[in-house]
Amino acid sequence: MKKKVIALYPGTFDPVTYGHIDIIERASLFFEKLIVTVAINPNKIPLFSEEERKNMVIRAVKKFSNVDVDVFKGLVVDYAKLKKASVIIRGLRAVSDFEYEFQMSLTNRKLAPGISTIFMMPNEKYTYLNSSLVRELISYSANVSDFVPPYVIRLYKKKIEKKK
Ligand code: ADP
């Protein structure tokens, strides 16, 4: 049964991968609305612009009727409050994710006690997958079709062509 709870799934999505999409699909089953929020992090220089990342995520969530996409800058908990979201979704792939996510989730709880972080695990075939691996592989023209949707690959190729 879907509860009337709004959840946020924040991330850099540079680029969106099948691992992210797996988490989006799982989370979409449990919440009234899921807002995938593309974070603008001043400490990270992304490969794909904010607009490109947002557009790729929009394509990725097209098939889910209760999933929205937005871009945000600042604290996730502030954005969650603005959107009346009481849950933050994060993906957990391996033990290596745990320490950072544990710290983030407890910090967010301290800042906003009414907001809970819920962790979801993707299908095991995506547990070793992350966006930085994809960025590295794609830059060497390796085949990443098992990791990202075709439009991500097309967009990357277009970007490279433009630079030439
Ligand atoms: P961030 O910079 O916030 O970690 P990412 O886009 O790398 O942004 O990841 C967003 C969220 O998605 C994080 O919770 C991350 O653990 C999760 N995630 C990333 N890749 C995968 C994957 N392959 N499977 C499941 N979750 C993932």
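The text that follows walks through the structure, step by step, so that each part is easy to find.

### Digging into the site of the ligand
Thought 1: The ligand sits among 16 residues. The nearest are Tyr-9, Thr-12, Lys-44, Gly-91 and Leu-129.
Thought 2: Measuring from an oxygen atom of the ligand, one finds a side-chain N or O atom of Tyr-9 at 2.7 Å.
Thought 3: Measuring from an oxygen atom of the ligand, one finds a side-chain N or O atom of Thr-12 at 2.6 Å.
Thought 4: Contact with the protein chains covers 90% of the free accessible surface of the ligand, which is 540 Å².
Thought 5: At the level of secondary structure, the elements contributing two or more residues to the shell around the ligand comprise strand 1 (3-11), helix 1 (18-28) and strand 4 (87-91).
Thought 6: For the shell around the ligand, the class distribution of residues is 7 nonpolar, 5 polar and 4 charged.

### Description of a nonpolar patch on the surface
Thought 1: A grouping of Val-95, Phe-98, Phe-102 and Leu-106 is seen on the molecular surface, where their side chains present a nonpolar patch of about 410 Å² in accessible area.
Thought 2: Along the chain, Phe-102 turns up in helix 4 (residues 95-111).

### Considering a positive patch on the surface
Thought 1: Together, Arg-59, Lys-62, Arg-154, Lys-158 and Lys-162 line one region of the surface with positive charge.
Thought 2: Ranked by the residues each element gives to the positive patch, the list is headed by helix 6 (residues 150-163), at 3 residues.
Thought 3: Assignment of secondary structure puts Lys-158 in helix 6.

### Details of the packing of helix 2 (residues 50-61) against helix 6
Thought 1: Closest axis-to-axis distance for the helix 2/helix 6 pair is 10 Å, and the angle between their directions is 155°. As the angle between them shows, helix 2 and helix 6 are arranged roughly antiparallel. The element helix 2 and its partner helix 6 pack so that their crossing is right-handed. The segment helix 2 lies against helix 6, with Glu-52, Met-56, Arg-59 and Ala-60 engaging Tyr-151, Val-152, Arg-154, Leu-155 and Lys-159.
Thought 2: Of the residues assigned to the contact of helix 2 with helix 6, the class counts are 5 nonpolar, no polar and 4 charged.

Basis of the calculations
Residues numbered from 1 in each chain as written. Predicted model: local features only at pLDDT ≥ 70, side-chain atom pairs only at ≥ 80, totals over all residues. Heavy atoms only, no water. Near = heavy atom within 4 Å. Polar contact = N/O pair within 3.5 Å; in protein donor to acceptor, adjacent residues only side chain to side chain. Areas by Shrake-Rupley, 256 points an atom, 1.4 Å probe, with all protein chains shown as cover. Helix = DSSP H or I, 4+ residues; strand = E, 2+ residues; numbered from the N terminus. Nonpolar A, V, L, I, M, F, W, Y, C, P; charged D, E, K, R; others polar. Patch = residues over 30% accessible without salt bridge, like charges linked within 9 Å, V, L, I, M, F, W, Y side chains within 5 Å. Salt bridge = Lys/Arg side-chain N within 4 Å of Asp/Glu carboxyl O. Lys, Arg positive; Asp, Glu negative; His and termini not counted. Charge placed at Lys NZ, Arg CZ, Asp CG, Glu CD. Axes fitted to C-alpha atoms, helices over the stretch in contact; angles between N-to-C directions. Parallel < 35°, antiparallel > 145°, perpendicular 65-115°, else oblique. Left-handed = near helix turned anticlockwise from the far one by under 90°. Contact = heavy atoms within 4.5 Å.

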